[in-house]
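Commentary on secondary and tertiary structure
So the chains spell out like this:
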Amino acid sequence: MATVVELSEPYRNHLIPVLAPGRGVCAVCWREANPDFRLCFQCNTARNEFRRGLADVVVPIALAVKREQLAHELWHYKYDVDPSVRARLTVRLGAVLWRFLGEHEKHIADAVGVPEFDIVTTVPGTRERTDQHPLERIVGTIVGQTKDRYEPLLTCGQDSVMSSHTLAAARYRATRRLRDDLAVLLIDDTWTSGGNAQSAALALHAAGASKVAVVVIGRHFDRGFGNCETYYQQAKAVKFTWDSCCLELGTGDSAR
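An account of the accompanying structure is given in this report. Note that this is a predicted model, so its numbers are computed, not measured.

**Focus on the packing of helix 4 (residues 83–111) against helix 5 (residues 134–142)**
Packed helix pairs are specified by the crossing angle of their axes together with the interaxial distance, meaning the distance between the axes. Their axes nearest at 10 Å, the elements helix 4 and helix 5 cross at an angle of 55 degrees. If you check the angle between helix 4 and helix 5, you find them oblique. Handedness of the helix 4/helix 5 crossing: right-handed. Between helix 4, through T90, V91, L93, G94, L97 and W98, and helix 5, the contact on the second element is made entirely by P134, R137, I138, V139 and I142.

Here you go:
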């Protein structure tokens, strides 16, 4: 059986890192932003509407560039008609998350001021399924760092029918009340506008979580939008490495 390193190492050749926050980079979601502002439009809107309760930090592993390999895999691991393809990609993406958290979960905990995360959970899927969502399988049964701490804390709420790009306080609800000293590591596969992950963070904070950190496998990225091509070329030049993450490249900013 292949090891985590063997399964994840090929990704080094095509993963593109997110840039550290700075001029032209959003200090919350790490995407391209107007150089005159610290936040992109979506993150600024979210902070103005929900100043408290948003994720305490957001950490993407890499860019999921439209029509490139990571974006392709993040779609097909959920929706490919061939179950063997879904299963293979689930294991491979699980290895990516496993290796990343093994290297960097401590940095993420430090960023939100906790020694460790008590519970790990996932953002619920936006489409109805007849089987278990593969992200739940990745976090709950595959990844060594998370499977013993995994709990399905979230379920769809009354605003779940709203667009996934829209931030909604009632999109999700927690399945139980949380102690106010609990820190939650929230995993999502793709971040586009942040509507799903931030709505999930709102629900977890409302249920009592003291800290919520979001780790997302792929930060959706469209090279044809705005000034994204400049960002893309700069990020590609940085080169992806398993040894560093965006939190080590820059100081970041709280989303709250």
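The discussion continues.
**Section: the sheet that holds strand 6 (residues 211–221)**
Across the sheet, which stays open at both edges, the 4 strands sit in the order 1-6-5-2 with parallel pairing between neighbours. At either margin of the open sheet sits one strand with a lone partner, and together these are strand 1 (57–65) and strand 2 (119–122). The sheet shows a mean angle of 15 degrees between the axes of neighbouring strands, taken without regard to direction. Of the strand pairs in this sheet, strand 5 (residues 183–191) and strand 6 are connected by 8 bridges, and their pairing is parallel. What sits directly across from L185, in strand 6, is A213. Here helix 4 sits on the sheet and contacts strand 1, strand 5 and strand 6; the angle it forms with strand 1, its principal contact strand, is near 145 degrees.

**A few points about the side chain of S199**
In this structure, S199 sits in helix 6 (residues 195–206). Overall, S199 belongs to the buried group, its relative accessible area being 0%. Looking at S199, its side chain comes within polar contact range of the main-chain nitrogen of A168, at 2.9 Å. Looking at S199, its side chain comes within polar contact range of the side chain of R171, at 3.4 Å. Excluding anything up to four places from it in sequence, S199 contacts T166, L167, A168, R171, Y172 and G194.

Parameters and conventions
Residues numbered from 1 in each chain as written. Predicted model: local features only at pLDDT ≥ 70, side-chain atom pairs only at ≥ 80, totals over all residues. Heavy atoms only, no water. Axes fitted to C-alpha atoms, helices over the stretch in contact; angles between N-to-C directions. Helix = DSSP H or I, 4+ residues; strand = E, 2+ residues; numbered from the N terminus. Parallel < 35°, antiparallel > 145°, perpendicular 65-115°, else oblique. Left-handed = near helix turned anticlockwise from the far one by under 90°. Contact = heavy atoms within 4.5 Å. Pairing = 2+ DSSP bridges. Buried < 20%, exposed > 50% of the residue type's maximum accessible area, 1.4 Å probe, protein only. Polar contact = N/O pair within 3.5 Å; in protein donor to acceptor, adjacent residues only side chain to side chain.

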